[in-house]
Structures are given as C-alpha cells and as structure tokens.
Amino acid sequence: MIDFIQIGANIGNTPQFVREKRWKGIFVEPVTSSFNILKENYSDLDGCYFEHLAIGNEDGEITIYSRSDGLSDRQQASTIKDHWDNDFAEVVPCLTLTSLIEKYEMSGKPFELLQIDAEGIDDLILLNTDFSKVLPEKIRFEVVHLPRYGRSPTQVLNYLKLFGYEIIEDEYIEHVKSTEIGFDVMVKKTTNKN
C-alpha cells in the first residue's frame, strides 16, 4: 500500500515523519544528479519507489532546467527555462500524475498525502488531474511562484473543491524553514463529491 507521492523530491529533504511513520511511497525527481542522491539518502526505507521522471501534462519526454555548478539541498529545477538562473538542460521521461497512478495500480485507491513542489507548475499538474481516480486524502502544493506567471491558487482551489477538498492548516509546518512559511497550501478531502 502506498501512503504518499512526492513530486519534486529533490535529494531527499522530506521531513523525518516519513521514517517515523514508516510510510511507503513514491519519490519522483527529474534531475539526474538529484535523483541519484535521493536514492542514496533514502536507501534505508522499505516499500518506497523512486521514479526518475517529471510529472507534466502529457506522457513522453520533457526538458528540465537546473544548475550545472553543483548540488545542495536548495537545488532548483523547473520545466520553465527561466524560472531560476539555470544553465543546464536535460531531457527526461514525463508522465501525467494519472499515468503514474495507473503505473502503480492505484487508480481509485485512497492514499494519505500528495506532496508537490514542481517549481511553478504545481497548479497545472493539479488542474490536469482527475481526482475521481487519483485519491489522496491530503494535497500539499507550492503556490509561491504562481503570481510570477500571472496565476493564483484560486483556480486550482476551486477545481479541488469540486472533488471535496477544502483548505486546512498545514500539518507539516514544523518541518518548513521559517523563511518558507506561506509558500505552500494544504487541502484535505472533507466530502466525497465523486
């Protein structure tokens, strides 16, 4: 059974609660150098899967942009070329979230948490997902970059509301750096509208 899916897992800066709760899940990271460190950092976890790919609006391949000058826990990568001061591009496999769910035979099966940190496209991933098939109890996603692209979280929150999700207080706020409080929004399924 899968407890969580983390899109944009980076090098493994997921809070310690994954180990504490002994959650099983899927870590998704498109940047090759980050992915390799992620697998090493979480090699002790049982029942976890690692996907070296991006989540986007269609299956196939996509270009991911990152920095070539080293790696840290702050490595920033995006499918948007000028999102950061990135100078390195690599083409990686891409799946929709629905396709990832189908790959793991999770369509229609509830799981605890969907965590998304996709650097500027979190809302697009969510708006492209059928939440009558993808069934996280909670969704946590980054909203801080949306205004830069003329978007706000309102559209995605209204979309998620159609599936019974409502905003809740971020349950993982104690794991967030103080300079990043307010970067994310968390919703919980409170009614079954499917």
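The shown structure was predicted, so the numbers you read here are calculated from the model rather than taken from an experiment.

K.L.:
Mind laying out helix H2 (residues 32–41), listing which residues take part and the relevant values?
P.N.:
Turning to H2, its buried residues are Ser34, Phe35 and Leu38. Along the axis of H2, the buried positions cluster into a sector of 100°, meaning they face one direction only. At its buried positions, H2 is contacted by strand S2 (25–28) and strand S3 (49–51).

K.L.:
Go over the sheet that holds strand S8 (residues 135–142) with me, naming the residues and quoting the values.
P.N.:
One open sheet holds the seven strands; their spatial order is S3-S2-S1-S7-S8-S10-S9, and the pairing between them is mixed. Only two strands of the sheet have a single neighbouring strand rather than two, namely S3 and strand S9 (165–168). Sheet twist, expressed as the mean angle between neighbouring strand axes with direction ignored, is 20°. Two strands pair when backbone bridges link them, and S9 and strand S10 (residues 184–189) are joined in this way by four bridges, in the antiparallel orientation. Note that in S10 the partner of isoleucine 167 across the bridge is valine 187.

K.L.:
How would you sum up the sheet that holds strand S6 (residues 88–95)? Please name residues and give values.
P.N.:
Pairing is mixed across the open sheet formed by three strands, whose spatial order is S4-S6-S5. At either margin of the open sheet sits one strand with a lone partner, and together these are strand S4 (54–55) and strand S5 (60–66).

K.L.:
Tell me about the pairing of S8, and name the residues and values.
P.N.:
Most of S8 is tucked away: seven of the eight residues are buried. Across six bridges, strand S7 (residues 110–116) lies against S8 in parallel orientation. In the strand pairing of S8, proline 110 is matched with leucine 135. With helix H4 (residues 122–127) bridging S7 and the parallel S8, this β-α-β connection has right-handed handedness.

K.L.:
Describe in detail the side chain of threonine 98, supporting the description with residues and values.
P.N.:
Looking at where threonine 98 falls in the secondary structure, it is placed in helix H3 (residues 97–103). We classify threonine 98 as buried; its relative accessible area is 17%. Beyond its immediate chain neighbours, meaning those up to four positions away, threonine 98 contacts Thr129, Asp130 and Val134.

Procedures and definitions
- Residues numbered from 1 in each chain as written.
- Predicted model: local features only at pLDDT ≥ 70, side-chain atom pairs only at ≥ 80, totals over all residues.
- Heavy atoms only, no water.
- Buried < 20%, exposed > 50% of the residue type's maximum accessible area, 1.4 Å probe, protein only.
- Helix = DSSP H or I, 4+ residues; strand = E, 2+ residues; numbered from the N terminus.
- Arc of directions from axis to C-beta.
- Contact = heavy atoms within 4.5 Å.
- Pairing = 2+ DSSP bridges.
- Axes fitted to C-alpha atoms, helices over the stretch in contact; angles between N-to-C directions.
- Right-handed = clockwise from strand over helix to strand, strands pointing away.

Shape is all these values report; function is a separate question.
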